[in-house]
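Listed below, chain by chain, are the residues.
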Amino acid sequence: MASSTLGSRNLPLTPVKLTAKDFKSDQEVRWCPGCGDYAILAAVQGFMPELGIPRENIVFVSGIGCSSRFPYYMNTYGMHSIHGRAPAIATGLSVSRPDLSVWVVTGDGDALSIGGNHLIHALRRNVNLKILLFNNRIYGLTKGQYSPTSELGKITKSTPAGSADSPFNPISLALGAEATFVARTIDSDRKHLQSVLRAAAEHEGSAFVEIYQNCNIFNDGAFELIKDSTTREDHLIRLEQGQPITFGTDNQFSVTHPAGSFGLKVEEGGEPLVHDATVDDPAYAFALSRLSGSDLGTTPIGVFRNVQRPSYDELITKQLVDAKAQADGTPEQMLDGLLGKADTWTIL
Amino acid sequence: MSAGAKRVEQLDRVVIRFAGDSGDGMQLTGDRFTSETAQLGNDISTLPNFPAEIRAPAGTLPGVSSFQVHFADYDILTPGDSPNVLVAMNPAALKANVADLPSGADIIVNTDEFTKRNLAKVGYTVSPLEDGSLADFAVHPVALTSMTVGALAELGVAKKDGERAKNMFALGLLSWMYSRPFESTLRFLETKFAKRPDLVAANKAAFQAGWNFGETTESFTVRYEVKPARMKPGTYRNITGNQALALGLVAASVRSKLPLFLGAYPITPASDILHELSKHKKFGITTVQAEDEIAAIGAAVGASYGGALGVTTTSGPGVALKGETISLAIALELPLVIVDVQRAGPSTGMPTKTEQADLNMALYGRHGEAPLAVIAPKSPSDCFHAAIEAARIALKYRTPVILLSDNYVANGSEPWLLPSADELPDISVGFTTEPNGEDGRFLPYLRDPETLARPWAIPGTPGLEHRIGGLEKADKTGDISYDPANHEHMVRTRAARIEAIEVPDVEVEDADESARVLVLGWGSTYGPIGAACRALRQRGLPIAQAHLRHLAPLPANLGEVLAAYDKVVIPEMNLGQLAHVIRARYLIDAVPFNQVSGLPFTAATLENMLEDVVKNG
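Along each chain, numbering runs from 1 in the same order as the chain's sequence is written. For this description, chains carry letters from A and ligands carry numbers from 1, given in the order in which they are written. For this predicted model, a pLDDT threshold of at least 70 governs which residues receive local features, and a threshold of 80 or more governs which side-chain atom pairs are given and counted, while totals over whole chains, interfaces and linings are taken from all residues.

Q: An account of the overall build of chain A is requested, with residue identities and associated values reported.
A: Numbering of helices and strands starts at the N terminus; helices are DSSP runs of H or I of at least 4 residues and strands are runs of E of at least 2. Looking only at helices and strands, chain A features 9 helices and 12 strands. In terms of overall dimensions, chain A has C-alpha extents of about 90 × 50 × 45 Å along its principal axes. Counting all 348 residues of chain A, 49% fall into the buried class. Here exposure depends only on C-beta density: within 10 Å of a residue's C-beta, 20 or more other C-beta atoms make it buried, 12 or fewer make it exposed, and intermediate numbers make it partly exposed, the C-beta atoms being placed from the backbone.

Here you go:
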């Protein structure tokens, strides 16, 4: 059977070309009107046919939260699991079924708070999962408490005097967890979102994609600075492989690496760095990730890091294949051999 | 090694306890003695007892590690209450164990370790070898360490390596004393130290020196023999509960024709199951050492969803962490086996000691109405069959099953009559591959009318794409549903499908059917309860014994069995958890008898208690 080049490994190809409509389930979508999740759903459904994989070989696994309703709306296999645990469940599925394309849909609370441990370990192992983290910087389903990506001092229902926690930078976190593919995109930029999904799907191993997503009920306009056409150009940095990293209304800003500095800098003029996500040293991608803070003043989007190392699935599968090559006889015969592999004695 | 010219005495049973510092190799010594004894055809039961510390300070009481082996020329049920022989490698080992000895017991002590400093470490001001405090026992002082070093000096073995071989000297001596065949030990040493021929030679020489010492010394005047037991014909091996459980899971994979997937996080006393299964990849077994207990069961659920036999192994603290995921598996109605090798709690408790106090957690420890099946093995070798039974129920009824082992059966061992793989039950079930609803729709929660199990349609099956999750589902379609009547129906159906699981009737051992008292147990207490009942019957006191393997659902005939006796006594290593269930469910005045010392019941404890109940009601 021919296999897909996207997402690599043993994925079969669909005999007929699918369309976005084929990926819409019969379930009524129940996010709040105006939620950024709708745009992401449409973008994912629109992208899926590109995979060329039959629907039955695609699985979406989610945790708990608004974003985690996602699998119900995809006409693929899917599991809406429990809070924070989707990467763990998806790991078991992916490792035991190399013929599946496994996607994890999660949110900032689900992935970075209650499920932080599973996220970092899935990335460390490089499990062949495509992890889409919808970051709206707020708890939506529980009606408006601050999240681990909310800015310091955030006033919410649970922090009337302002939150005292510093937020995570999800890109920095993923890089610290040894992720091999790390990207960021925005719910409202369908073209960019789909280009990132494509790159993630092509990656062998864990792909971590942070998607800035607007919660119009509890945190409306959180990403307005980099979405509004009047402010966007001076704050949004589009990372493109092999291209100089410049931005600004008149392309006047450059991301540079000052001599003797550990980090990168944004300056007017200057010699821009040429973006290369395949740099093996994660320090480069990490330095890029540090350009953005809570204020979104200079926010890179695109693929930060895209490097190759063997996936967990591949290594485990190889061990199994090698061991099975030693199989001698039927499973029952091998079992008899195993049970008797000890000091035995016979009573007549 | 000749037989020697000493008097030979026949015994029907012997209990030996090897005790020493945790670095003295007592577990290995006990294992080897057990293996020799198994070769001879005695029935055997063993009990290791070791500290949780890997290397507690040398020579101290917390550092004492011991291994007890009971062997007989008839079938036995327990590792024995009190040792006939104690091998004490140092003062701490003597002090920690002497209270368990009946008067007249033999004590073999390593006098080299009875130094002023070592005695002081455990609070002896005068050596117990000299103050007359051991007058009730037959003490055999042996300079074990120096004789070993001496015997090995001519081989050019360094003093330090020589000292380390002293456990083999002790094994050689005991092997001589009880006329054990030693070929398997010599073979074992050759394999174990294959890369160090010098150590093979040293350990063999130490073993030989111990044997020869027995033959020549005047300290031992008698040699003993214990004839082979009359056991069912067949091929046997000795096996621990954890080994048997792991092999049972391999067998379940073979007999279900499904790949086994184990998600596990290391925890005492369950880790050996992970170690064992990780060696058997050629059976298509995948083991994932997860980042935590929750991930371990999560990965197993994910694998079950994908069509594997998903298993997670742990102990009590791990089950507590897994609770939410077990609930998810109950809602998803997927097969899953959760192995809980119980240890003494609460919290970290005593990780290397035994207890049966997780029954309530297994039965009830989840939010919402979340019923599942619970089964418990009764002996080390029974762990094999219990594992297959757990997998059978999980697969056939699409439910999580908790398998409640405990430290006592997990680390204890007994001879096991090897089954033939072909004769093990076929527990295979098919996946659903075709739509089951009208108009070619797939209804993931349309149930089998007999088992109430839902279809198992795995990803990769064209046309059956569907979504499942923890939210309440509409009957049949599996769509999200908040409908009150639907929830009522689903909750009752989930309970009914567990109650509908077919489990065998509980059998009653009641020799002449004259008993008025029934003793009811579950899990690892089978051995001591059985031994106590036998002892009572031999003394003419009638008593009936029933033992539960299935704790949820309970056997259908249990109510009838309980009603047939005037009195029901329930011994448990907890504060009465099964007794509560029995009293609530069958409205009988069952009498709990409880011990939570971290140690298994002795047969004598139960015999005394039951004698009182039989005689005085």
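Once the structure has been displayed, the description carries forward.
Q: If you had to explain the environment of Val-157 of chain B to someone new, which residues and values would you point to?
A: Among the structural elements, Val-157 of chain B can be located in the loop between α4 (144-153) and α5 (159-164). The contact criterion used is a C-beta to C-beta distance within 7 Å, with each C-beta placed from the backbone. Residues within four places of Val-157 of chain B in sequence aside, it is in contact with Leu-152, Gly-162 and Ala-202 of chain B.

Q: Talk me through the sheet that holds strand β12 (residues 309-314) of chain B; I want residue IDs and the actual numbers.
A: Pairing between the strands of a sheet is mediated by backbone hydrogen bonds and can be parallel or antiparallel. Residue and element names in this part refer to chain B. Read from one edge of the open sheet, 7 strands run β11-β10-β12-β13-β15-β14-β21, paired in mixed fashion. Every interior strand has two partners, whereas the edge strands, β11 (286-289) and β21 (550-552), have only one. Mean inter-strand twist for the sheet, computed between neighbouring axes without regard to direction, equals 20°. Strand pairing is assigned whenever DSSP identifies at least 2 bridges connecting the two strands. The sheet contact formed by β12 and strand β13 (residues 336-342) spans 4 bridges and is parallel. By the bridge assignment, Thr-314 is partnered in β13 with Asp-340. On the sheet, helix α12 (residues 316-332) packs against β12, β13 and β15 (400-406) and is oriented at approximately 160° with respect to β13. For every element, the axis is a line fit to its C-alpha atoms; helices are fit only across the contacting stretch, and the angle between N-to-C directions ranges from 0 to 180 degrees.

Q: I'd like a description of the packing of helix α1 (residues 26-40) of chain B against helix α6 (residues 166-177) of chain B, backed by residues and values.
A: All names here are of chain B. Running from N to C, α1 and α6 point in directions that differ by 30°, and their axes come no closer than 10 Å. Classed by the angle they form, the pair α1 and α6 counts as roughly parallel. Every pair of crossing elements has a handedness; the one defined by α1 and α6 is right-handed. Contacts between α1 and α6 involve Met-26, Leu-28, Thr-29, Arg-32, Phe-33 and Glu-36 from the first element and Asn-167, Ala-170, Leu-171, Leu-174 and Ser-175 from the second. Looking at the contact of α1 with α6 residue by residue, the class counts come to 6 nonpolar, 3 polar and 2 charged. The cut-offs work like this: below 35 degrees is roughly parallel, past 145 is roughly antiparallel, 65 to 115 is roughly perpendicular, and the gaps in between are oblique. The sense of a crossing depends on the near helix, which, turned anticlockwise from the far helix by less than a right angle, makes the crossing left-handed and, turned clockwise, makes it right-handed. Residue polarity is assigned by list, with Asp, Glu, Lys and Arg as charged and Ala, Val, Leu, Ile, Met, Phe, Trp, Tyr, Cys and Pro as nonpolar; anything else, Gly included, falls into the polar class.

Q: Explain the nonpolar core to me, and be specific about the residues and the numbers.
A: Definition of nonpolar core: a set of buried Ala, Val, Leu, Ile, Met, Phe, Trp, Tyr and Cys residues joined via C-beta atoms within 7 Å. Of all hydrophobic cores here, the largest spans 264 residues; its most connected members are Ala-387 and Leu-403 of chain B. Take this core: its biggest share by element is 11 residues, from helix α14 (residues 382-397) of chain B. The contact partners of Ala-387 of chain B, leaving out residues within four places of it in the chain, are Leu-245, Gly-248, Leu-249, Ala-252 and Leu-403 of chain B. In this structure, Ile-138, Tyr-146, Cys-215 and Phe-218 of chain A belong to the second largest nonpolar core, which totals 8 residues.

Q: Hey, could you go over the pairing of strand β11 (residues 299-306) of chain A for me, with residue numbers and the actual values?
A: Residues and elements named next belong to chain A. For β11, the tally of buried residues reaches 8 of 8 residues, placing the bulk of the element in the interior. Both strand β5 (residues 181-186) and β11 contribute to a ladder of 4 bridges, which runs antiparallel. From the neighbouring strand, Ala-183 faces β11, where its bridge partner is Val-303. Both strand β7 (residues 236-238) and β11 contribute to a ladder of 3 bridges, which runs parallel. Looking at the pairing, Arg-238 lines up with Ile-301 of β11.

Q: Summarise the pairing of strand β19 (residues 517-522) of chain B; cite the residues concerned and give the values.
A: All names here are of chain B. Burial runs high along β19: 6 of the 6 residues are buried. Burial along β19 is two-sided: Val-517, Val-519 and Gly-521 and Leu-518, Leu-520 and Trp-522, pointing in opposite directions, are all buried. Pairing geometry for β19 and strand β22 (residues 567-572), over 3 bridges, is parallel. Opposite Val-519, over in β22, you have Val-569 as the bridge partner. Pairing of β19 with strand β20 (residues 544-548), which is carried by 5 bridges, proceeds in the parallel orientation. Each residue of the ladder has a partner; that of Leu-520, found in β20, is Ala-546. Looking down the strands as they point away from you, a crossover is right-handed if its path from the first strand over the helix to the second goes clockwise. The parallel pair β19 and β20 is bridged by helix α17 (residues 526-538), and the resulting crossover is right-handed.

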